[in-house]
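Structure assessment
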Amino acid sequence: MLHNQYVVFKLEEGEYGIDIMNVKEISECPTMTMVPNSPTFIEGVINLRGNVIPVINLKKKFHLIDTQIKETSKIIISSLEDNRVGFIVDDASQVLTLMQSDIQSRPELLGVINEKYINGIAKVEEKLIILIDLLETLTADEIKSIKDTKVG
């Protein structure tokens, strides 16, 4: 039976999962350098072992109310084409193995929102975990601005 592993992370009260194959590493949230004229959801850049990595505040990207970085916040590092990009989340502390049968496709109601980055919803005990593809949350223009942030 098919199964995948997911890194589970929190944003406010919600729990989300990303395929572990899309995660390069999870880091503490270091001090960031702000980049002038970058999109509002780009929190800044970090220096991770000599690599300059743009960091996206997912709460700003998803238009959540509380966009503050917390003491427990982590950065999920993922690959964006040939570059690395970080996503700030409130916490990322768990890896779950889910069988394909544990995952329900996206409810049709969400179809109106047309969120192509939602891969499905997993029910684990009494919790619902929304499975997403972080890179699909970005538009082509946003990807270009992230690359420009890294270069600039």
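Residues numbered from 1 in each chain as written. Predicted model: local features only at pLDDT ≥ 70, side-chain atom pairs only at ≥ 80, totals over all residues. Heavy atoms only, no water.

**Quick look at the overall build of the protein chain**
- Of regular secondary structure, the protein chain possesses two helices and eleven strands.
- When the helices and strands of the protein chain are read in sequence order from the N terminus, they spell out β-β-β-β-β-α-β-β-β-β-β-β-α.
- Radius of gyration (C-alpha) of the protein chain: 15 Å, near the 15 Å computed for a compact globule of 152 residues.
- Once the C-alpha set of the protein chain is aligned to its principal axes, its extents read approximately 45 × 30 × 30 Å.
- The proportion of buried residues among the 152 residues of the protein chain is 42%.
- The contacts of the protein chain with a sequence gap of at least 6 include a subset with a gap of at least 24, amounting to 56%.
- About 9,000 Å² of surface is accessible on the protein chain, with carbon and sulfur atoms providing 50% of the total. (Helix = DSSP H or I, 4+ residues; strand = E, 2+ residues; numbered from the N terminus. Rg over C-alpha atoms; globule rule 2.2 N^0.38 Å. Buried < 20%, exposed > 50% of the residue type's maximum accessible area, 1.4 Å probe, protein only. Contact = heavy atoms within 4.5 Å. Areas by Shrake-Rupley, 256 points an atom, 1.4 Å probe, with all protein chains shown as cover.)

**Quick look at the packing of aromatic side chains**
- The final tally for this structure, using the stated rule, is three aromatic pairs.
- Both rings, one in Y16 and one in F62, keep their centres 6.4 Å apart while their planes meet at 45 degrees; by these two values the pair is tilted. One end of the pair, Y16, is in strand β2 (residues 14-19); the other, F62, is in the loop between α1 (58-61) and β6 (74-80), with 46 residues separating them in the sequence.
- A ring pair is formed by F62 and Y117, whose centres lie 5.4 Å apart and whose planes are at 10 degrees; its orientation type is stacked. You can see F62 sitting in the loop between α1 and β6 and its partner Y117 sitting in the loop between β9 (103-104) and β10 (118-124), a full 55 residues away along the chain.
- The buried category is assigned to F62, whose relative accessible area is 17%.
- An aromatic cluster of three or more residues is present, and its members are F9, Y16, F62 and Y117.
- Its end group placed over the ring of F41, K61 keeps NZ or CZ at 5.4 Å from the ring centre. (Phe/Tyr/Trp six-rings, centres within 6.5 Å; stacked < 30°, edge-to-face > 60°. Lys NZ or Arg CZ within 6 Å of the ring centre and 35° of its normal.)

**Concerning the sheet that holds strand β8 (residues 91-99)**
- If you walk across this open sheet you meet the six strands as β8-β1-β2-β11-β10-β9, and the pairing is mixed. Two strands lie at the open edges of the sheet, namely β8 and β9, each paired on one side alone.
- Bridge analysis of β9 against β10 gives two bridges, and the strand direction is antiparallel. Opposite I103, over in β10, you have A122 as the bridge partner. (Pairing = 2+ DSSP bridges.)

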